[in-house]
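# Inside the fold
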Amino acid sequence: MTNDKILLDHGSGGKISHSMFSELILPVFNNPELAKQDDGAILMLGEEKLAFSTDSYVVDPIFFPGGNIGDLAINGTINDIAMCGATPRFISVGLIIEEGLPLADFKTILETMAKAARKAGVKIVTGDTKVVPRGKADKIFINTSGIGVIAPGVNVSGSNARPGDKIIVSGTIADHGIAVLGTREGLKFDSDIKTDSAPLNKMVQSIIDSSCGIHVLRDPTRGGLGTTLNEIAIQSNVGINILESSLPIRGAVRGTCELLGFDPLYIANEGKLIAFVPEKDAQDVLEIIRQDEFGKDAVILGEVTNKDPGRVFLKTLIGGSRIVDMLTGEQLPRIC
Amino acid sequence: MSLKYIDEYRDSDLAKMLVKKIQSVNCKDLRLMEVCGTHTMSIFKHGIRTILPKEITLLSGPGCPVCVTAQKDVDAFVEFARQNNVILTTFGDLIKVPGSGSSLAKEKAEGADVRIVYSVFDAVDIAKQNPDKEVVFCAVGFETTIPTLAATILSAREDGVKNFTIYSANKLTPPALAALMETKGVQIDGFILPGHVSVITGTNAYRGTFEKYNIPSVITGFEPIDILKAILILVQQNATGLPALVNAYPRAVSENGNLKAKTIMNQVFKLCDASWRGIGQIPTSGMELKKEFAAFDAAKKFNMDMPEVSEPAGCACGEILMGLKTPKACKLYKKKCTPMTPVGPCMVSSEGSCAAFYRYS
């Protein structure tokens, strides 16, 4: 990295975030659990296999269509744990509050968090609060960490994708990013674009409880579907082919992206997962996901190949082909 | 905001038919230039290069506003950002373009108040909300954005806004095409002319250039079917040896363009010489504020007169913009120059050809 200061790009979730992790963070904290770079760490404590994950939320604005920073923070960590193939159990909450935040807003956020935790069946068991002078933070920042239990025999990781795997996405992409952007920039949508923030642990549980094979689970949050597919292609050293004609995107979200020049492949999702499954189980897993309340629009998006390891290709609507790279640069800061 | 008529212009059967027709025209190697950055991006995004016969080479021209912005203008933006009491407003792409010593992104990290806006009207709103600050807008664009800029200045004048100014690095398309045709070594067999710009200028704006150089020229839209159709027309014109100026975007472009927009543009701005990256000074290819709008001229208000500076060593952006080189022929490409560590603007802008090559091929 040639910059001598942290830029917003370092928080994009794209290429620069990855180089910050691999060049600056990993060498300092280096250990095998961290080096795996999955959504959470997978740990052995005695006989028990656990998933442990943490995430911080700085979204601006704190209230947006369909949710607020509170349920975003709970769902986000639940999903990170679920993507390890674990059942999320306990959550911690750290609140950094700016002096002057209206008490009513604070209460609303707490109540939303409690409701989100109840819905997902997890308990908020510990936490911390700090208040900083006005201007030293922006309204409220939230950190959540969580622990989940991985059942014996479950082995889900970003490095498990195999040639021949089918790739399933659990629903429409780019809803969250566009909902937040629309509110922040005061764009007056003539439609009801809402965040897709949702807990995916029950969907994951249903897949794991079935007899279907499952290689990779990942929620394509910051950096979007395009970046997440690249991460998996690199971690598993495989090629990935996806079809533009299969990409599920709501008309209004697509229209907004077209108008503003955003690529929906790089826009954040907060309630979607991608699953890599052996071809023989693909239809069954797709059906299981579609049965879940947050998976009705699930589709098979593409497949894994042994060609061009580490790269993602998109077959375009007109029959052309192009590379889908990781997000380079910050498309939308403070989206989660 | 569900946009209609997207799928119709991305129809795979229609695309296949057009490609078949292009293939059936017997032609030698052809070098076609898409002048507009939005065309460049669309060509990559839809994988158009991957379905064309190998005889056809598509070159990206000087139509990405950020890419053609001279180094000294980028330096000026950085200088404005460094001024006390200034809020610098800009469209997003410009923020990472490296100037001689810094970029707006770096100045922002140092504490400068640099804000990304989606419309220049937002910059005026910021000025109204911050009466104690000076708001400067980086005006980088072509005929597409200049009329809006002019309308904004008229409305700011009417509202008595005193703390809003622009630094104009605006440019016009037809003079650049002429300059390109006069450049030694440039070899172009046809122009894919910009869609948005032509909505304002109309087909007639290119008449002079076309008649002088007699080069196949097609105005078209940005969807893959539009672009394939333009390529087919250019290929056919080359095969028959009968060049023509064709408007293949009649659903948006007329002969004379948007008269109202042109009137507003000419009310506020007048022609001036302008510096283009890589190409240099092109006579009457820019637009500066007329005298009666001098109060909105940031260069005058801040007495900013940046010296001409040379472009970074090894950066081939200029040659790439003229179709003399492809990004892959630049020795910095993917080595020293990447979207994370850009050296030239073509690697920064979402419409830049180096960024497009890096991302999509």
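Residues numbered from 1 in each chain as written. Chains lettered and ligands numbered in written order. Predicted model: local features only at pLDDT ≥ 70, side-chain atom pairs only at ≥ 80, totals over all residues. Heavy atoms only, no water.

### Quick word on the layout of surface pockets
All names here are of chain A. Rules: Only protein atoms enter the 1 Å grid used here, on which a cavity is any set of points holding a 1.4 Å probe that cannot leave and a pocket is any open set flanked by protein within 12 Å on both sides along at least five of seven lines; residues with an atom within 4 Å of a point are listed as lining. Grid points are joined across faces, edges and corners, and a volume is the space filled by probe spheres set on the points. Numbering of helices and strands runs from the N terminus, with a helix taken as a DSSP run of H or I at least four residues long and a strand as a DSSP run of E at least two residues long. Gly counts as polar in this scheme, as do all residues outside two lists: the nonpolar Ala, Val, Leu, Ile, Met, Phe, Trp, Tyr, Cys and Pro, and the charged Asp, Glu, Lys and Arg. How far each domain reaches was decided by an automatic or database domain assignment.
In this structure, the second largest pocket encloses a volume near 1600 Å³. As for the second largest pocket, its lining consists of 45 residues, of which F21, D38, T54, D55 and R222 are closest to the centre. Listing elements by their share of the lining of the second largest pocket, those giving two or more residues are helix 1 (15–29), helix 2 (32–35), strand 2 (48–57), helix 3 (69–82) and helix 7 (224–236). Considering each element in turn, the lining of the second largest pocket owes the most residues, six residues, to strand 2. Split by residue class, the lining of the second largest pocket holds 17 nonpolar, 16 polar and twelve charged. When we break the lining of the second largest pocket down by domain, the ones giving at least three residues each are domain 1 (8–150) and domain 2 (166–323).

### Section: the domain arrangement of chain B
By a frequent convention, interface size equals the accessible area lost on bringing the separate parts together. Residues and elements named next belong to chain B. Note the threshold: Whether two residues are in contact is decided by their heavy atoms: any pair within 4.5 Å suffices. Buried area: the accessible area, evaluated with a 1.4 Å probe, that two parts lose upon being put together, summed over both parts. When a carboxyl oxygen of Asp or Glu is within 4 Å of a side-chain nitrogen of Lys or Arg, the pair counts as a salt bridge. We define a polar contact as two N or O atoms separated by no more than 3.5 Å, with the added condition that, inside protein, one atom must be a possible hydrogen donor and the other a possible acceptor, whereas residues neighbouring each other in sequence contribute only through side-chain atom pairs.
Under the domain assignment used here, chain B contains domain 1 (9–61 + 173–247), domain 2 (71–172 + 263–301) and domain 3 (317–360). The distance between the C-alpha centroids of domain 1 and domain 2 comes to 31 Å. At the interface, nine residues of domain 1 touch eleven residues of domain 2. Here domain 1 packs against domain 2, burying approximately 740 Å² in sum over the two surfaces, 76% of which is carbon and sulfur. The largest contributions to the domain 1 side of the interface with domain 2 come from T173, P175 and I200, which together make up 50% of the buried area. Applying the counting rule to domain 1 against domain 2 returns zero salt bridges. Taken together, domain 1 and domain 2 are joined by one residue pair in polar contact (both at pLDDT 80 or more). Contributions of two or more residues to the side of domain 1 that touches domain 2 are made by helix 7 (173–182) and helix 8 (195–201).

### Observations regarding the domain arrangement of chain A
Residues and elements named next belong to chain A. The assigned domain composition of chain A is domain 1 (8–150) and domain 2 (166–323). Contacts between the two partners involve 31 residues from domain 1 and, on the opposite side, 29 residues from domain 2. Taken together, the two surfaces of domain 1 and domain 2 that pack against each other cover about 2300 Å², and 53% of this comes from carbon and sulfur. Looking at the side of domain 1 facing domain 2, the largest losses of area belong to P65, M83 and K119, adding up to 24% of the total buried there. A salt bridge links E293 to K119, with the nearest nitrogen and oxygen atoms 2.9 Å apart. The set of elements that each furnish at least two residues to the side of domain 1 that touches domain 2 consists of strand 3 (63–64), helix 3, strand 5 (86–98) and helix 4 (103–120). Considering every element that reaches the side of domain 1 that touches domain 2, the biggest residue donor is helix 3, with eight residues. A breakdown of the residues in the side of domain 1 that touches domain 2 according to their chemical character gives eleven nonpolar, 13 polar and seven charged.

### As for the interface of chain B and chain A
Taken together, the contact pairs 32 residues of chain B with 37 residues of chain A. Here chain B meets chain A over a buried area of about 2900 Å², counting both sides, of which 58% is carbon and sulfur. Close ionic contact of A:D9 with B:K96 constitutes a salt bridge, the shortest N to O distance being 3.4 Å. Viewed at the interface, chain A and chain B are joined by nine residue pairs in polar contact (both at pLDDT 80 or more). Looking at the side of chain B that touches chain A, the elements with two or more residues in it are helix 1 (12–24), helix 2 (37–45), helix 4 (104–109) and helix 14 (353–360) of chain B. Ranked by residues supplied to the side of chain B that touches chain A, first place goes to helix 4 of chain B with four residues. Residue composition of the side of chain B that touches chain A, grouped by class: 15 nonpolar, seven polar and ten charged.

### With respect to the packing of helix 6 (residues 201–209) of chain A against helix 9 (residues 282–291) of chain A
Residues and elements named next belong to chain A. Which entries qualify depends on this criterion: Lines fitted to C-alpha atoms define the axes here, with helix axes fitted over just the stretch in contact, and angles between the N-to-C directions of these axes take values from 0 to 180 degrees. Handedness of each helix crossing follows the sense of rotation of the near helix against the far helix: counterclockwise by less than a right angle gives left-handed, clockwise gives right-handed.
Between helix 6 and helix 9, the shortest axis-to-axis distance is 9 Å and the interhelical angle comes to 145 degrees. Of the two elements, helix 6 crosses helix 9, and the hand of that crossing is right-handed. Here M203, S206 and I207 of helix 6 come into contact with helix 9, specifically with V285, I288 and I289. The residue makeup of the contact of helix 6 with helix 9, split by class, is five nonpolar, one polar and no charged.

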